Amino acid sequence: MTDLLLIALFAFLGAAAAGLLGALVLRAFRHRSLVVSLTVVAAVAVTAMLAGTLAVAWAMFLSAHDLTVVTTVVAMAAVVSLATAMLLGRWVAARSRDLALAARSFGDGGTFAAPEEQATAELSHLAAELAATSAKLDSSRERERALETSRRELVAWISHDLRTPLAGLRAMSEALEDGMAADSGRYLRQIRTEVERMNDMVGDLFELSRIHAGSLTLTPTRISAYDLVDDALAGADPLAREHGVRLVGDRIDAVPVEVDSKEMSRVLGNLLINAIRRTPADGTVAVAARRADDGVVLSVTDGCGGIPEEDLPRVFDTGWRGSHARTPPAGAGLGLAIVRGIVEAHDGRAEVRNVTGGCCFEVTLPAAAQA
């Protein structure tokens, strides 16, 4: 038993000396290639075994021949171990370089494509994460391009929509100033109408800026969807009469919702105004409110004839006005963007789909908690 403990002690001391030396070498070369690190690890393992074996052999007073045999066997193992470590290190380093080159491509604005060569499980997992990140970046770039396009269109349309009434206001004011207006009362009424329209446009811009800045403050209260829809119908009735459009409360359930009634009235008002303006005379705009599995659904269905399928994803984008809305009174294309912003601030969602003869805008809101 004592001899066995001595052998273990001598082997441990020899291996520990080799391990300590290897740790110092690894620290010195820690910033080098993986090939160097794997080679050092293999060399440490073999050297530790050799040092322990030699320490035990010397303690056991082996003959020179036996010591040479042991040393030769260990040396051959060292050669094979070092060669294997270098080959493994070169293979892993090559896969790492391929992965770095692939990552550089999507970092420069391209799309990440994982290297075809097989790699270790860790490198394969990293490649999968990079592919997922690349997909998210592509989606973000696409949204950014769409937003930039919307901004350009918005600036162009706002400039056009402001320039037209301003030119008219200037002409009418000059006519009044020069005493050339035959009917000054009509001119003053027209000036007031144009000022109100521009004031509405500026108000929409301000509301949209609050939504985008995240500074829209909500004051939720418990209210029946029936009351919300009833107030919105009453407010839109004069415009519907002016356009010869019928307003219908198709199915309005008295389900409770917890919303900011002022902001939600604006949502329904924008949807109704948009529907009335797009529906031809003698057409019908139907409003409904119903309970669904995921909340309360408020819908406005018009008779606009439908929206082209390629335009459906852009309906709620800032500045979108469709192919037939390029001049007043179509507005600046902010109403539906405001609808989506307010609804999302209520943790809801706004959607649109085509139906027979028109389209249906749906606002889904979380149902109010049971009282």
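Residues numbered from 1 in each chain as written. Predicted model: local features only at pLDDT ≥ 70, side-chain atom pairs only at ≥ 80, totals over all residues. Heavy atoms only, no water.

## Quick notes on helix α7 (residues 261-278)
Link 1 in the chain: For α7, with 18 residues, the first-to-last C-alpha span of 26 Å sits near the 26 Å given by 1.5 Å per residue.
Link 2 in the chain: For α7, the full list of buried residues reads E263, M264, V267, L268, G269, N270, L271, L272, N274, A275 and I276.
Link 3 in the chain: One side-chain oxygen of the residue at the start of α7 lies 3.1 Å from the amide nitrogen of K262, identifying that residue as D260. (Helix = DSSP H or I, 4+ residues; strand = E, 2+ residues; numbered from the N terminus. Expected span 1.5 Å × (residues − 1). Buried < 20%, exposed > 50% of the residue type's maximum accessible area, 1.4 Å probe, protein only. Polar contact = N/O pair within 3.5 Å; in protein donor to acceptor, adjacent residues only side chain to side chain.)

## Observations regarding the nonpolar core
Link 1 in the chain: Of all hydrophobic cores here, the largest spans 46 residues; its most connected members are V267, L271, L272, L298, F316, V352 and F361.
Link 2 in the chain: Considering every element that reaches this core, the biggest residue donor is helix α6 (residues 225-243), with eight residues.
Link 3 in the chain: Leaving out residues up to four positions away in the same chain, L298 has contacts with A225, V229, L268, A288, A289, F361, E362, V363 and L365. (Core = buried A, V, L, I, M, F, W, Y, C linked by side-chain atoms within 4.5 Å. Contact = heavy atoms within 4.5 Å.)

## Observations concerning the environment of T84
Link 1 in the chain: If you trace the backbone, T84 turns up in helix α3 (residues 64-107).
Link 2 in the chain: Expressed as a C-alpha distance, the spacing of T84 and T39, which sit 45 residues apart in the sequence, is 8.7 Å.

## Remarks on the packing of α6 against α7
Link 1 in the chain: Taken N-terminus to C-terminus, the directions of α6 and α7 make an angle of 30°; their axes are 9 Å apart at the nearest point. When the axis of α6 is compared with that of α7, the two are roughly parallel. Of the two elements, α6 crosses α7, and the hand of that crossing is right-handed. In contact with L228, V229, A232, L233, A236, L239, A240 and H243 of α6, α7 contributes S261, M264, S265, L268, L272, I273, I276 and R277.
Link 2 in the chain: When its residues are assigned to classes, the contact of α6 with α7 shows 12 nonpolar, three polar and one charged. (Axes fitted to C-alpha atoms, helices over the stretch in contact; angles between N-to-C directions. Parallel < 35°, antiparallel > 145°, perpendicular 65-115°, else oblique. Left-handed = near helix turned anticlockwise from the far one by under 90°. Nonpolar A, V, L, I, M, F, W, Y, C, P; charged D, E, K, R; others polar.)

## Brief notes about the packing of aromatic side chains
Link 1 in the chain: The full count for this structure, using the stated rule, is one aromatic pair.
Link 2 in the chain: A ring pair is formed by F316 and F361, whose centres lie 6.0 Å apart and whose planes are at 85°; its orientation type is edge-to-face. Residue F316 is located in the loop between β5 (295-301) and α8 (335-345), and its partner F361 is located in strand β7 (residues 358-365); the two are separated by 45 residues in the primary sequence.
Link 3 in the chain: A residue is classified by how much of its surface remains accessible, and F316, at 7% relative accessible area, is buried. (Phe/Tyr/Trp six-rings, centres within 6.5 Å; stacked < 30°, edge-to-face > 60°.)

## Observations concerning the state of the cysteines
Link 1 in the chain: Tallying each qualifying case throughout the model produces zero disulfides.
Link 2 in the chain: This cysteine, C359, is not joined by any disulfide, and C304 carries the nearest cysteine sulfur, 3.4 Å off. (Disulfide = S-S within 2.5 Å.)

## Quick word on the confidence of the model for the protein chain
Link 1 in the chain: Of all residues in the protein chain, 79% have pLDDT values of 70 or greater, and the mean over the chain is 77.
Link 2 in the chain: Within the model, the stretch residues 324-330 combines pLDDT values under 50 with 11 contacts to residues more than four positions away or in other chains. (pLDDT = per-residue confidence, 0-100.)

## Remarks on the pairing of β5
Remember that side chains alternate between the two faces of the sheet whenever the strand is regular.
Link 1 in the chain: Across the seven residues of β5, six count as buried, placing the element largely inside the fold.
Link 2 in the chain: Pairing between strand β4 (residues 284-292) and β5: seven bridges, direction antiparallel. Among the inter-strand pairings, A286 is bridged to a residue of β5, identified as T301.
Link 3 in the chain: Pairing analysis gives six bridges linking β5 to β7, with the strands arranged antiparallel. Note that in β7 the partner of V300 across the bridge is F361. (Pairing = 2+ DSSP bridges.)

## Quick notes on the packing of α7 against α8
Link 1 in the chain: Packing of α7 against α8 leaves a shortest axis separation of 9 Å and a crossing angle of 150°. What the angle tells us is that α7 and α8 run roughly antiparallel. Crossing of α7 over α8 shows left-handed handedness. Residues E263, R266, V267, N270, L271 and N274 of α7 touch α8, and the partners they reach there are G335, L336, I338, V339, I342 and V343.
Link 2 in the chain: Of the residues in the contact of α7 with α8, the class split is seven nonpolar, three polar and two charged.

## Regarding the sheet that holds β5
Link 1 in the chain: If you walk across this open sheet you meet the five strands as β2-β4-β5-β7-β6, and the pairing is mixed. Pairing within the sheet leaves two strands with one partner each, and these edge strands are β2 (246-252) and β6 (349-355). Between one strand axis and the next, the sheet turns by 20° as a mean value, whatever way the strands run.
Link 2 in the chain: Across seven bridges, the pairing between β6 and β7 is antiparallel. The partner of V355 across the bridge, within β7, is G358.
Link 3 in the chain: Of the strands in this sheet, β2, β4, β5 and β7 are in contact with α7, which crosses β7 at around 175°.

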